[in-house]
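Descriptive structure summary
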Amino acid sequence: MPQKLAVVAFAVSPEEGATESVLDLIERSGGDVESHNWVRVTESASDGQATDVEGYNALTVHADAPSVEHLRNALQPNPREQLLPGVDLNVIDARWFDNSRRKLLVTDVDSTLIRQEVIEMLAAHVGLEAEVAAVTERAMRGEIDFEQSLRERVAVLKGLPASVINEVSSSVRLSPGATVLVKTLLGSGHAVAAVSGGFNQILDPLAEKLDLTRAAANTLDIEDGKLTGRVTGGVVDREAKARLLSQWAEELEVAPEDVIAVGDGANDIDMCRAAGLSVAYRAKPALRDVADTQLSIPNLDALRFFVDL
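Residues numbered from 1 in each chain as written. Predicted model: local features only at pLDDT ≥ 70, side-chain atom pairs only at ≥ 80, totals over all residues. Heavy atoms only, no water.

Side note on the overall build of the chain
Formally: Elements are defined by DSSP. Helices are runs of H or I of four residues or more, strands are runs of E of two residues or more, and each kind is numbered from the N terminus. The globule rule is 2.2 Å times the number of residues to the power 0.38, and the radius of gyration it is compared with is taken over C-alpha atoms. Burial classification: accessible surface area is computed with a 1.4 Å probe over protein chains only, and a residue below 20% of its type maximum counts as buried, one above 50% as exposed, and the rest as partly exposed. Here a residue-residue contact requires only that any non-hydrogen atoms of the pair lie within 4.5 Å. Residues scored as charged are limited to Lys and Arg (positive) and Asp and Glu (negative), so that His and the chain ends carry no count. By convention, charge coordinates are those of NZ in Lys, CZ in Arg, CG in Asp, or CD in Glu.
Helix and strand content of the chain: 13 helices and eleven strands. What you see for the chain is a C-alpha radius of gyration of 20 Å, in line with the 19 Å of a compact globule of 309 residues. Its C-alpha atoms give the chain principal-axis dimensions of about 65 × 40 × 35 Å. For the chain, buried positions account for 54% of its 309 residues. Across the chain, contacts joining residues at least 24 apart in sequence account for 70% of those joining residues at least 6 apart. Computed over 29 positive and 49 negative side-chain charges, the separation of the two mean positions in the chain equals 3 Å.

What follows is the structure, encoded as structure tokens:
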């Protein structure tokens, strides 16, 4: 029996005939198109902070197909490459458009909810930004253990005055579209949470500013007004992210299948596997390989099209 689904495509500057190309791909893959609609989202409409980012186009196609997996495999045969250049093709179950069911969005923070990697910003204060960035890159690709890499990177911060945290916090910039996405979801009765392998001294003010439903991160240890080069308590690694996602869903009475996880690196793999729908946002190959959907355009606002908002 055919399954009702949606194909949600994103492109910054789609080529002429892009709509026809998408529809043709769907039909040649066994899909029966019912309706489709392109929406142009302007820069100013997506996020007033994102003045250096272009708008984007979103195409939503409603169709019947043998299954989500069948059409997803046809339109995303290689998660690391786009079947249509410049176009993200995403296949989701049509039930995600049912807004009578409360959803929970759980997002990573560094390079996802915000544009930067906070640990690198802190390391810049000791002249080791490049070295720390190289380790971060390897950790996000899944080449080295996250907890070990975190402790090594935090160790270089030993002796820095705690005041650098406020300096870095004031320099953090939300990703384009983040504010609009969060406000739209919360305003529609859904929940939004952030979980970070970074630090709660940075995340907590952001969570308060955005009115997030839940938030969790590591804690930088401070003694006598200086960073000790350690984190206190358990490390928020990939296993902890998945555990928190499930815990929050239970607390908020959101069904596991109604949870969306979005991230960019290997330490987001477990929570993406635990979610009903996972999104690789401008992500490393390790996460692209396992995520249900891809978002390559630099605008988190686009995620609202996955829930028809």
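Okay, back to it.
Examining the sheet that holds strand β9 (residues 259–263)
The cut-off we apply is this: One bridge is not enough; two strands pair if DSSP finds at least two bridges between them. As a rule, the C-alpha atoms of each element are fitted with a line to give its axis, helices using only the stretch in contact, and angles between N-to-C directions run from 0 to 180 degrees.
Strand order across the open sheet formed by seven strands is β8-β7-β6-β5-β9-β10-β11, with mixed pairing between neighbours. One side of each edge strand has no neighbouring strand; the edge strands of this open sheet are β8 (226–232) and β11 (293–295). Put simply, the sheet's adjacent strands are angled 25° from each other on average, direction ignored.

Looking at helix α11 (residues 238–251)
Given 3.6 residues per turn, any residue in an α-helix points the same way as the ones three and four places further on. Cut-off, in case you're wondering: One less than the number of residues in a helix, times 1.5 Å, gives the span that helix is expected to have. Here a polar contact is recorded for every N or O atom pair within 3.5 Å, except that within protein the pair must consist of a potential hydrogen donor and a potential acceptor, and residues adjacent in sequence are included only if both atoms are side-chain atoms.
For α11, built from 14 residues, the straight-helix expectation of 20 Å at 1.5 Å per residue is met to within 8% by its first-to-last C-alpha distance of 20 Å. Regarding α11, the residues found buried are Ala-240, Lys-241, Ala-242, Leu-244, Leu-245, Trp-248 and Ala-249. Each element contacted by the buried residues of α11 is listed here: β5 (104–107), β6 (191–199), β7 (214–223), β9 and α12 (269–274). Of the residues that open α11, the one with a side-chain oxygen 3.3 Å from the backbone nitrogen of Glu-239 is Asp-237. Of the residues one or two after α11, Glu-253 is the one with positive phi, at around 60°.

Focus: the packing of helix α8 (residues 163–171) against helix α10 (residues 200–210)
Two packed helices can be described by the angle between their axes and the distance between those axes. Under the convention used in this document: Our angle categories are set so that under 35 degrees counts as roughly parallel, over 145 as roughly antiparallel, 65 to 115 as roughly perpendicular, and the remainder as oblique. The handedness criterion is simple: a crossing whose near helix is rotated anticlockwise from the far helix by less than a right angle is left-handed, and one whose near helix is rotated clockwise is right-handed. Charged residues are taken to be Asp, Glu, Lys and Arg, nonpolar residues to be Ala, Val, Leu, Ile, Met, Phe, Trp, Tyr, Cys and Pro, and polar residues to be all remaining types, Gly included.
Following both chains from N to C, one finds α8 and α10 inclined at 45°, their axes separated by 10 Å at the closest point. The angle between α8 and α10 falls in the class oblique. Considering the relative orientation of α8 and α10, their crossing is right-handed. Contact residues: Ile-165, Val-168 and Ser-169 in α8; Gln-201, Ile-202 and Pro-205 in α10. When grouped by side-chain class, the residues that make up the contact of α8 with α10 number four nonpolar, two polar and no charged.

Focus on the packing of aromatic side chains
Applicable threshold: Under the pairing criterion, centres of Phe, Tyr and Trp rings, with the six-membered ring standing for Trp, must be within 6.5 Å; the plane angle then separates stacked pairs below 30 degrees from edge-to-face pairs above 60, leaving the rest tilted.
Applying the stated criterion across every chain yields a total of four aromatic pairs. With centroids separated by 6.2 Å and ring planes inclined at 70°, the aromatic side chains of Phe-10 and Phe-305 adopt a geometry described as edge-to-face. One end of the pair, Phe-10, is in strand β1 (residues 3–11); the other, Phe-305, is in the segment after β11, with 295 residues separating them in the sequence. Owing to a relative accessible area of 9%, Phe-305 belongs among the buried residues under this scheme. Taken together, a centroid distance of 6.3 Å and an interplanar angle of 85° make the contact between Tyr-56 and Phe-305 edge-to-face. Here Tyr-56 is found in strand β3 (residues 56–65), whereas its partner Phe-305 is found in the segment after β11, with 249 residues between them in sequence.

So, the packing of helix α6 (residues 129–140) against helix α7 (residues 146–155)
The contact between α6 and α7 brings their axes to 10 Å, and the two run at 170°. One element, α6, and the other, α7, form an angle in the roughly antiparallel class. Contact residues: Val-132, Val-135, Thr-136, Ala-139 and Met-140 in α6; Phe-146, Ser-149 and Arg-153 in α7. Among the residues forming the contact of α6 with α7, the class breakdown is five nonpolar, two polar and one charged.

A closer look at the pattern of salt bridges
Selection criterion: In what follows, salt bridge is the name for a side-chain nitrogen of Lys or Arg lying within 4 Å of a carboxyl oxygen of Asp or Glu.
This structure, assessed with the given rule, holds 20 salt bridges. Linking Glu-223 and Arg-230 is a salt bridge whose minimum nitrogen-to-oxygen distance equals 3.4 Å. Accessibility expressed as a relative area gives 45% for Arg-230, which makes it partly exposed. One continuous salt-bridge network, built from bridges that share partners, spans Glu-137, Arg-138, Arg-141, Glu-143 and Lys-284.

Concerning the pairing of β1
The buried fraction of β1 is high, at seven of nine residues. In this sheet, β3 lies alongside β1 in antiparallel orientation, the contact comprising nine bridges. The residue of β3 that forms the bridge with Ala-11 is Asn-57. Pairing of β1 with strand β4 (residues 88–93), which is carried by six bridges, proceeds in the antiparallel orientation. In the strand pairing of β4, Ala-9 is matched with Leu-89.

Examining the pairing of β9
Note the following rule: When the strands point away from the viewer and the connection leading from the first strand across the helix to the second strand turns clockwise, the crossover is called right-handed.
In terms of residue burial, β9 counts as a mostly covered element, since five of its five residues are buried. Burial along β9 is two-sided: Val-259, Ala-261 and Gly-263 facing one way and Ile-260 and Val-262 facing the other are all buried. Across four bridges, β5 lies against β9 in parallel orientation. Counterpart to Thr-107 in the pairing with β9 is Val-262. In this sheet, strand β10 (residues 277–281) lies alongside β9 in parallel orientation, the contact comprising four bridges. Directly across from Ala-261, in β10, lies its bridge partner Ser-278. Crossover handedness for the path β9 to α12 to β10: right-handed.

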